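Architecture at a glance
Spelled out, the chains give:
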Amino acid sequence: MRALPSATTLCRVLVGLDRTRACGRLHVAAQGRRSTMSVDAGKLRATNIDRRVSTSHRQALEQVVEVCGWDGIVLRFAATSAPPSGSALLEPLPAKTFGLSAMHLAVKKVASASVRAQLGTEEYRLSEAGEALMSGVELRPEEAAVILRLRRGVLADEILALPGAGLAGYRFLWMLKLLGCAAPRAAGSYPLLLRKRRELRRQASAHALLDLPEGAGSRDARVALRKLVCDIHPDRFGAGTPQALRRASGEIVTALVDAEARIASGQAP
């Protein structure tokens, strides 16, 4: 998995350039080597590595895959208002086509046990970015089956048993997660978050904030803190959660930690 961070970074950028229909040149450097990828309205029109220019789609993909294997890549995108001059590819293809193909190859090299550890047992859903990514993409049968289930929500382990999906579909789910196109379903408790926000505004006591009876001691406070934070920590809410709620979650967690500390030190009323 050593080169996976570079592959994920580069492919996410290619997908982003496609989505925004960007024009310009993406410069990549690492290990004393350099590559330039030119895009026009989100389509890849030329690639080179150390000035070795690709002249076909196959060669362009091979160069993208090669760059994905570089360790510690540094990227810089130079945007232009007009298409970059020069084109080695007679028919430019969407940048996401190369990004997806390269990511397919990258995740295929990772042991299934590592994939399972990364996915866990959570329920996943297709994100807005995932819907955009899938638009116009020709999917393999196992991938189409995974996308269909992701739109409704599916447990990671269920993909392995899904007819026509199996391990290939499981890796596809992981690839989507790496690209930010599939994410675990938000597990945080919104009702609890809103209740604690009301209590905080009313300046509730330390014991009330931790849902404890007055007079409860430090041990009870520690247990209550762990339970509440597990339900309303910012990390428990999905990427699509409004920023206002995520900020409120952070403020409430801070207040809960302070309440536990006051009870433990005997300073709570």
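Now for a quick tour of the structure. In this text, all values refer to a predicted model and were calculated from it rather than measured experimentally.

With that settled, consider the pattern of salt bridges. Tallied over the entire structure, the rule returns 16 salt bridges. A salt bridge links Glu 128 to Arg 19, with the shortest nitrogen-to-oxygen separation between them at 4.0 Å. In this pair, Glu 128 sits in helix α5 (residues 128-134) while Arg 19 sits in helix α1 (residues 4-19), placing the two residues 109 residues apart along the sequence. Here Glu 66 ties to Arg 52 by a salt bridge, and the two come within 3.5 Å at their closest N and O atoms. Separated by 14 residues along the polypeptide, Glu 66 in helix α2 (residues 57-68) and Arg 52 in strand β4 (residues 52-53) bring together distant segments of the chain. Looking at Glu 66, the relative accessible area reads 28%, which means it is partly exposed. By relative accessible area, which is 44% here, Arg 52 ends up partly exposed. The network of salt bridges with shared partners includes Arg 33, Asp 50, Arg 52 and Glu 66.

The subject of this paragraph is α1. For α1, built from 16 residues, the straight-helix expectation of 22 Å at 1.5 Å per residue is met to within 8% by its first-to-last C-alpha distance of 22 Å. Taken together, the buried positions of α1 are Leu 4, Ser 6, Ala 7, Thr 8, Leu 10, Cys 11, Leu 14, Val 15, Leu 17 and Asp 18. Positive backbone phi, approximately 50 degrees, marks Arg 21, located one or two places after α1.

Turning next to the side chain of His 207. Here His 207 shows up in helix α10 (residues 206-209). The class for His 207 is buried, based on a relative accessible area of 5%. Within polar-contact distance, the side chain of His 207 engages the backbone oxygen of Ala 216 at 3.0 Å.

Thresholds, definitions, all that
- Residues numbered from 1 in each chain as written.
- Predicted model: local features only at pLDDT ≥ 70, side-chain atom pairs only at ≥ 80, totals over all residues.
- Heavy atoms only, no water.
- Salt bridge = Lys/Arg side-chain N within 4 Å of Asp/Glu carboxyl O.
- Helix = DSSP H or I, 4+ residues; strand = E, 2+ residues; numbered from the N terminus.
- Buried < 20%, exposed > 50% of the residue type's maximum accessible area, 1.4 Å probe, protein only.
- Expected span 1.5 Å × (residues − 1).
- Polar contact = N/O pair within 3.5 Å; in protein donor to acceptor, adjacent residues only side chain to side chain.

Shape is all these values report; function is a separate question.
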